[in-house]
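# Architecture at a glance
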Amino acid sequence: MKWAEPTKSIIKMATFGERMAPVLVLWLAVSLSGTWAVDRGNFKTCDQSAFCKRQRALKPGQSPYRALLETMELTNTRLTLQLINDNNKVHLLLELYRLQGNMTRVKINELKPLKPRYEVPDVLIREPPTEPLSLLSQDENGVVLSLGSESQRVIVSARPFRLDIVEGHNVLMSLNSRGLLAFEHLRMRKDTFSYKVTSTVASVWANIKTQADPEAEKKEDADPANQAEAANEEEDKAEDGMWEEVFKSHADSKPNGPSAVSLDFSLPGVEHVYGIPEHADTLKLKTTDSGDPYRLYNLDVFQYELYNPMALYGAVPVMLAHNAEQTMGIFWLNAAETWVDISSNTAGKTVFGKMLDYVQGSSETPQTDVRWISESGIIDVFVMLGPTPKDVFAQYASLTGTQAFPPLSALGYHQCRWNYNDQEDVKAVDANFDEHDIPYDFIWLDIEHTDGKRYFTWDPHKFATPKEMLQGIMDKKRKMVAIVDPHIKVDSNYKIHNEIRSKGFYIQNKDGGDYEGWCWPGSAGYPDFTRPDMRAWWASMFAYDQYEGSMENLYTWNDMNEPSVFNGPEVTMHKDAKHGEWEHRDVHNLYGLYVQMATAEGQIQRSGGVERPFVLTRAFFAGSQRYGAVWTGDNAAEWEHLKISIPMCLSLGLVGISFCGADVGGFFKAPSSELLVRWYQTGAYQPFFRAHAHLDTPRREPWLFGPENTALIRTAVRERYTLLPYWYQLFYHAYRTGEPIMRPLWVEYPQDPATFAIDDEFLIGKDLLVHPVTEEGARGVTAYLPGKDEVWFDVHTFQKHNGAQNLYIPVTMSSIPVFQRGGSIIPRKHRVRRSSSCMAHDPYTLYVALNLQRNAEGELYIDDGHTFNFERKEFIHRRLSFANNVLSSTNLVPDAQFATGSWVERIIILGASKPSKVTLRGPDGEENQLEFEFDASMSVLTLRKPGMNAGANWTITLQ
């Protein structure tokens with residue numbers, strides 16, 4: 001949900017249940033008038049962010065940091081070493097860990113800071129287990145450590161400090177090779193009274209100690225704890241933005257002064273880097289030398305602009321680097337505002353220029369350099385060394401967890417609008433889906449369903465009997481999502497507000513009072529979700545006896561949780577607001593994760609720990625994948641927004657967040673019928689499939705664009721439902737492994753450079769390739785089919801195509817170019833009903849696509865679809881295999897127990913030869929002949945009515 005277009009929404013917002021202050025209405029009208037595009041002036045550039053400007057001004061090659069090798073301590077699990085800044089004599093502590101799974105952790109903090117610096121909690125699922133480090137050699141220039149194998153080493157150079165990770169003769173990655181390590185130490189402000197008093201006391205105390213111990217002065221000088229105070233005057237002089245900063249009309253007091261941290265990473269041999277979502281940009285990250293760095297700072301950006309590095313709603317500080325030999329990752333664990341600079345020695349070179357280098361024998365190795373800059377906290381970085389893409393996914397999952405396994409129904413189609421008017425509107429929309437034979441699983445309610453924007457409530461006139469509404473939906477085996485945002489109306493008659501205030505759970509302002517800002521309800525407080533006790537209380541509010549009108553088929557949407565503050569700096573919270581001892585600047589990017597975490601826990605608790613939750617969030621951070629789904633925010637009904645949904649979701653999948661989608665049709669503006677149809681066709685093949693629209697857009701339910709377009713949308717939605725068995729299996733696999741569901745081609749074809757920059761097509765798992773039609777008026781698309789030894793089958797025509805080629809595909813409005821990989825078996829359900837739950841016991845059709853060796857493999861996963869019983873091995877997980885003309889189903893987990901009424905009703909084998917007979921051997925050993933049909937023109941063999949239970953062992957032999 002986003003700000004309203006300045007028409008009737010402004011008038012509606014003026015009521016807010018009670019009348020909002022006229023000044024807010026005027027502010028909103030001024031802020032929102034005149035344009036649909038982002039107002040860049042509301043958001044900082046690097047030059048307007050004092051710490052970014054300060055750090056970016058540092059030049060490479062002039063590092064003041066030196067490793068004090070005499071301070072090195074090496075235990076079985078870690079190396080510690082002091083670094084000194086020769087300009088100001090401040091000491092830092094370097095910690096280096098070798099972690100299980102081919103990872104290295106590097107932490108840098110002040111040796112003895114004036115006060116503790118923030119270290120991010122709750123993101124790592126556990127303290128990462130370590131493996132032994134061993135010293136290989138040491139001299140006055142540095143040390144060499146073994147990372148387990150003989151070929152993998154860490155070299156720590158002393159002057160200037162530099163850290164290289166080496167395998168064999170190749171440098172995989174270097175830290176501080178450009179000399180851009182920077183660590184702004186905490187210090188007292190010298191122009192304050194408190195500093196003068198402290199200095200005087202310190203001086204008196206020093207005199208006393210010196211008289212008692214003549215050597216005390218020398219000892220004090222040698223103590224790193226005092227060297228922050230001995231920093232040279234040039235560094236300590238007050239610069240603009242170090243102790244206070246003003247952006248537009250907002251002042252940031254910065255009571256702790258400058259505290260930014262920065263470190264550079266060099267990646268020899270790498271030209272392609274990915275990740276660091278969320279940005280509305282290409283999959284391959286661009287160089288930033290000629291513009292702003294990529295920004296990671298969760299913000300409510302109105303009408304976000306495409307193809308620029310501006311911050312958006314979420315931030316995951318993880319970057320992947322890939323070439324044909326190796327994939328690596330960098331996880332920068334810092335929740336403060338962060339900027340990421342990227343440069344490359346091959347940027348701007350044409351293909352001809354690179355070819356010329358090759359012909360002329362240029363010795364320049366491609367290299368990408370990345371620099372991370374954060375406003376506060378410490379340097380805590382995990383280097384994930386792969387070497388394959390799937391190794392990196394497993395490494396990152398071992399740190400932050402895997403994608404939550406959602407209920408099966410959440411993978412169906414979701415119908416949303418801001419807002420369905422009342423219960424009758426909901427009932428009518430629900431009935432129209434049945435009338436037009438379009439399945440759906442969830443219908444959504446936005447903020448207007450509440451009583452005056454008081455969350456956990458219902459409008460007493462429009463939604464007077466919510467349980468009756470929910471029961472009507474439940475009777476059709478459907479569900480509902482209602483929005484619950486983290487800004488709480490300041491109203492003494494509102495139970496939620498009163499309890500939060502009485503418990504002291506609100507975030508505080510810098511002066512110690514409750515922080516208040518403007519959002520949908522008018523004046524609002526913001527619960528401090530960083531507090532475990534606050535999260536526990538919030539979770540308890542989802543109990544059925546607390547959330548009046550809720551039922552077991554009501555789920556939750558957390559919006560505006562960046563947090564969005566309409567009258568705050570950059571439409572978010574003041575950085576000097578307080579979360580206990582920490583400032584908001586330290587924790588900002590964590591806030592949305594904590595909101596979703598508490599909400600998901602509330603859904604689990606209300607069921608006694610039985611039911612899986614479903615929670616959608618707009619703001620997110622590393623680890624958010626553990627709690628539900630995300631979407632790409634308030635997009636627009638434009639072709640470019642449809643296109644950008646692909647790389648945006650691919651980027652999220654690469655950093656663990658697989659459950660991603662974009663508002664089908666675009667949130668703002670009104671799509672043409674062509675755009676809407678193409679968006680449904682694209683959204684049906686993305687993990688989270690939801691249509692959503694702004695309050696002031698014309699209604700756009702699927703049946704409102706004429707019978708032809710209704711039929712096209714129906715077909716797209718039904719394709720989604722036929723593939724639910726495959727989607728569900730992939731989500732289970734993502735939950736187990738951390739591998740993305742919607743993935744770039746290079747993940748499966750890592751040695752094929754032709755795949756490295758493709759972001760207009762994608763794979764679902766490894767076996768389906770989708771190239772959506774995203775151009776207006778398109779008559780054809782060109783899809784790259786990867787794999788020189790692969791074959792791909794058009795899922796609609798069964799036509800076979802060779803891999804490693806660009807294939808031109810003529811398209812009509814009914815076309816959704818999708819290909820199944822030869823060598824795969826994909827289960828589908830062709831009896832599409834009104835919702836996924838209605839299809840639970842329906843039969844399967846197996847699509848067996850043979851490769852050039854006439855083999856194929858796949859899986860079938862079945863459980864109850866909604867509880868946590870799968871964790872107790874109450875499921876069916878089967879391996880499907882075709883080899884030597886035998887198709888078999890065998891149990892992958894013999895000790896798992898689950899019964900299903902579903903059966904296999906049809907098998908379609910692509911790339912087959914005609915058999916003389918087909919024999920089925922069931923679990924009892926009995927053999928039966930099967931009927932079959934063979935299409936010689938397409939080499940398609942169809943086996944009809946084999947009738948085996950989906951959980952049984954069986955074999956089918958072709959003779």
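Conventions we followed
- Residues numbered from 1 in each chain as written.
- Predicted model: local features only at pLDDT ≥ 70, side-chain atom pairs only at ≥ 80, totals over all residues.
- Heavy atoms only, no water.
- Pairing = 2+ DSSP bridges.
- Helix = DSSP H or I, 4+ residues; strand = E, 2+ residues; numbered from the N terminus.
- Contact = heavy atoms within 4.5 Å.
- Axes fitted to C-alpha atoms, helices over the stretch in contact; angles between N-to-C directions.
- Buried < 20%, exposed > 50% of the residue type's maximum accessible area, 1.4 Å probe, protein only.
- Polar contact = N/O pair within 3.5 Å; in protein donor to acceptor, adjacent residues only side chain to side chain.
- Expected span 1.5 Å × (residues − 1).
- Disulfide = S-S within 2.5 Å.
- Phe/Tyr/Trp six-rings, centres within 6.5 Å; stacked < 30°, edge-to-face > 60°.
- Lys NZ or Arg CZ within 6 Å of the ring centre and 35° of its normal.
- pLDDT = per-residue confidence, 0-100.
- Salt bridge = Lys/Arg side-chain N within 4 Å of Asp/Glu carboxyl O.
- Parallel < 35°, antiparallel > 145°, perpendicular 65-115°, else oblique.
- Core = buried A, V, L, I, M, F, W, Y, C linked by side-chain atoms within 4.5 Å.

### Section: the sheet that holds strand S24 (residues 479–483)
The strand order S33-S32-S31-S28-S24-S23-S22-S34 describes an open sheet built from eight strands, whose pairing is parallel. Both outer strands of the open sheet, strand S33 (660–661) and strand S34 (689–691), are each paired with one neighbouring strand and no more. Sheet topology note: the strand S32 (residues 629–631)/S33 ladder contains two bridges and is parallel. Directly across from Val-630, in S33, lies its bridge partner Cys-660. This element, helix H14 (residues 591–606), spans strand S28 (554–558), strand S31 (615–617) and S32 of the sheet and lies at about 170 degrees to S28.

### Focus: the sheet that holds strand S47 (residues 886–891)
Read from one edge to the other, the open sheet built from 11 strands follows the order S50-S49-S53-S47-S46-S45-S43-S44-S48-S52-S51, with strand pairing classed as mixed. A single partner strand is all that each edge strand has here, and the edge strands are strand S50 (927–929) and strand S51 (931–935). Within this sheet the neighbouring strands show an average axis-to-axis angle of 20 degrees, counted without direction. As paired strands, strand S44 (residues 844–849) and strand S48 (residues 903–910) are joined by six bridges and run parallel to one another. Across the sheet, Thr-845 pairs through a bridge with Arg-906, a residue of S48.

### Here's the deal with the side chain of Thr-338
Structurally, the position occupied by Thr-338 is in strand S19 (residues 338–344). Thr-338 gets classed as buried once you look at its relative accessible area, which sits at 1%. Of note is the side chain of Thr-338, whose polar atom sits 2.7 Å from the side chain of Ser-374. In this structure Thr-338 touches Tyr-294, Arg-295, Leu-296, Trp-332, Trp-372, Ile-373 and Ser-374, once residues within four positions along its chain are discounted.

### Things to note about helix H15 (residues 639–654)
Along an α-helix, a turn takes 3.6 residues, which lines up residues three or four apart on a common side. Taking 1.5 Å as the rise per residue, H15 with 16 residues should run 22 Å; its terminal C-alpha atoms sit 24 Å apart, in good agreement. Looking one or two residues past H15, Gly-656 carries a phi angle of roughly 100 degrees, positive in sign.

### Some remarks on unusual backbone geometry
Following Arg-159, the chain continues to Pro-160 via a peptide bond in cis, the omega torsion being -10 degrees. Within the element layout of this structure, Pro-160 appears in the loop between strand S8 (149–157) and strand S9 (162–167). The residue Lys-669 is not glycine, and still its phi comes out positive at about 70 degrees. Although it is not a glycine, Lys-945 adopts a positive phi angle of roughly 50 degrees. Locating Lys-945 in the fold gives a position in strand S52 (residues 940–949).

### A few points about the state of the cysteines
Tallied over the full model, the rule gives two disulfides. There is a disulfide in this structure between Cys-649 and Cys-660, and the S-S distance comes to 2.2 Å. Here the disulfide of Cys-649 and Cys-660 is left-handed, its torsion about the S-S bond being about -70 degrees. Placement of the pair is Cys-649 in helix H15 and Cys-660 in strand S33, with a sequence separation of 11 residues. The exposure class of Cys-649 is buried, given its relative accessible area of 2%. Along the chain, the cysteines that take part in disulfide bonds pair up as 1-2, 3-4, counted in sequence order.

### Some details on the packing of aromatic side chains
Counting across every chain of the model gives 52 aromatic pairs. With 4.6 Å between their ring centres and 45 degrees between their planes, Phe-433 and Tyr-440 make a pair best called tilted. The class of Phe-433 is buried, set by a relative accessible area of 0%. Ring plane angle 70 degrees and centroid distance 5.6 Å describe the contact between Phe-442 and Tyr-555, whose orientation is recorded as edge-to-face. Of this pair, Phe-442 sits in strand S23 (residues 442–445) while Tyr-555 sits in strand S28, and the two are 113 residues apart along the sequence. The pair formed by Phe-442 and Tyr-555 is uniform in burial state, with each residue classed as buried. Clustering of aromatic rings is evident, with ring pairs tying together Phe-442, Trp-444, Tyr-555, Trp-557, Phe-614, Trp-631, Phe-659, Phe-688 and Phe-731. Stacked on the ring of Phe-405, the Lys or Arg Arg-612 has its end atom at 4.4 Å from the ring centre. The lysine or arginine in question, Arg-690, covers the ring of Trp-631, its NZ or CZ lying 5.0 Å from the ring centre.

### Some thoughts on the confidence of the model for the chain
Caution is warranted with low-pLDDT regions, since their predicted coordinates should not be read in detail. Residues of the chain with pLDDT of at least 70 account for 89%, and the chain-wide mean is 91. Predicted confidence is poor over residues 350–360, with pLDDT under 50, and the contacts of this stretch with residues over four places away or in other chains come to five contacts.

### A word on the side chain of Gln-403
By secondary structure assignment, the location of Gln-403 is in the loop between helix H8 (389–400) and strand S22 (413–415). Here Gly-628 takes part through its backbone oxygen, which lies 3.0 Å from a polar atom of the side chain of Gln-403. Excluding residues that lie within four positions of it along the chain, Gln-403 makes contacts with Gln-625, Gly-628, Gly-656, Ile-657, Ser-658, Phe-659, Phe-731, Ala-734 and Tyr-735.

### Digging into the pattern of salt bridges
All told, the structure shown has 60 salt bridges when counted by the stated rule. Among the ionic pairs, Arg-718 bridges to Asp-437, the shortest N-O distance being 3.6 Å. Of this pair, Arg-718 sits in helix H17 (residues 707–722) while Asp-437 sits in the loop between helix H9 (423–435) and S23, placing them 281 residues apart in sequence. With a relative accessible area of 25%, Arg-718 lands in the partly exposed category.

### Some points on the environment of Leu-958
Checked against the element boundaries, Leu-958 lands in strand S53 (residues 954–958). When near neighbours in sequence (up to four residues on either side) are disregarded, Leu-958 contacts Phe-882, Asn-885, Ile-909, Pro-915, Lys-917, Val-918 and Leu-941.

### Here we look at the packing of H15 against helix H16 (residues 673–683)
Following both chains from N to C, one finds H15 and H16 inclined at 5 degrees, their axes separated by 10 Å at the closest point. The orientation of H15 relative to H16 falls into the category roughly parallel. Residues Trp-639, His-641 and Leu-642 of H15 pack against Glu-674, Leu-675, Arg-678, Trp-679 and Thr-682 of H16.

### A few points about the pairing of strand S42 (residues 818–821)
In S42, alternate side chains face the same way, and those of Val-818 and Gln-820 on one face and Phe-819 and Arg-821 on the other are all buried. Where strand S37 (residues 768–770) lies against S42, three bridges are found, and the strand directions are antiparallel. Bridged to Leu-769 within S42 is Phe-819. Pairing of strand S39 (residues 791–794) with S42, which is carried by three bridges, proceeds in the antiparallel orientation. Residue pairing across strands places Asp-794 opposite Phe-819, the latter belonging to S42.

### Describing the pairing of S39
The alternating pattern of S39 places Val-791 and Phe-793 on one face and Trp-792 and Asp-794 on the opposite face, and all of these are buried. Taking the residues between adjacent antiparallel strands as the criterion, S39 and strand S40 (residues 800–802) are bridged by five residues, where Phe-798 takes a positive phi near 70 degrees.

### Considering the nonpolar core
Counting residues in hydrophobic clusters, the biggest one holds 177 residues, and the most contacted among them are Phe-331, Trp-538, Phe-614, Tyr-680 and Ile-764. If you tally residues by element for this core, the top one is H15, at nine residues. The residues touching Phe-614, leaving out its near neighbours within four places in the chain, are Pro-407, Ala-410, His-414, Phe-442, Trp-444, Val-481, Tyr-555, Thr-556, Gln-603, Ala-629, Phe-659 and Phe-688. Listed in part, the 52 residues of the second largest apolar core include Tyr-65, Leu-92, Leu-175 and Leu-181.

### Concerning H16
Burial of H16 is extensive: 10 of the 11 residues sit out of reach of the surface. Within H16, burial applies to Glu-674, Leu-675, Leu-676, Val-677, Arg-678, Trp-679, Tyr-680, Gln-681, Thr-682 and Gly-683. Buried residues belonging to H16 abut S22, H15, S34 and H17.

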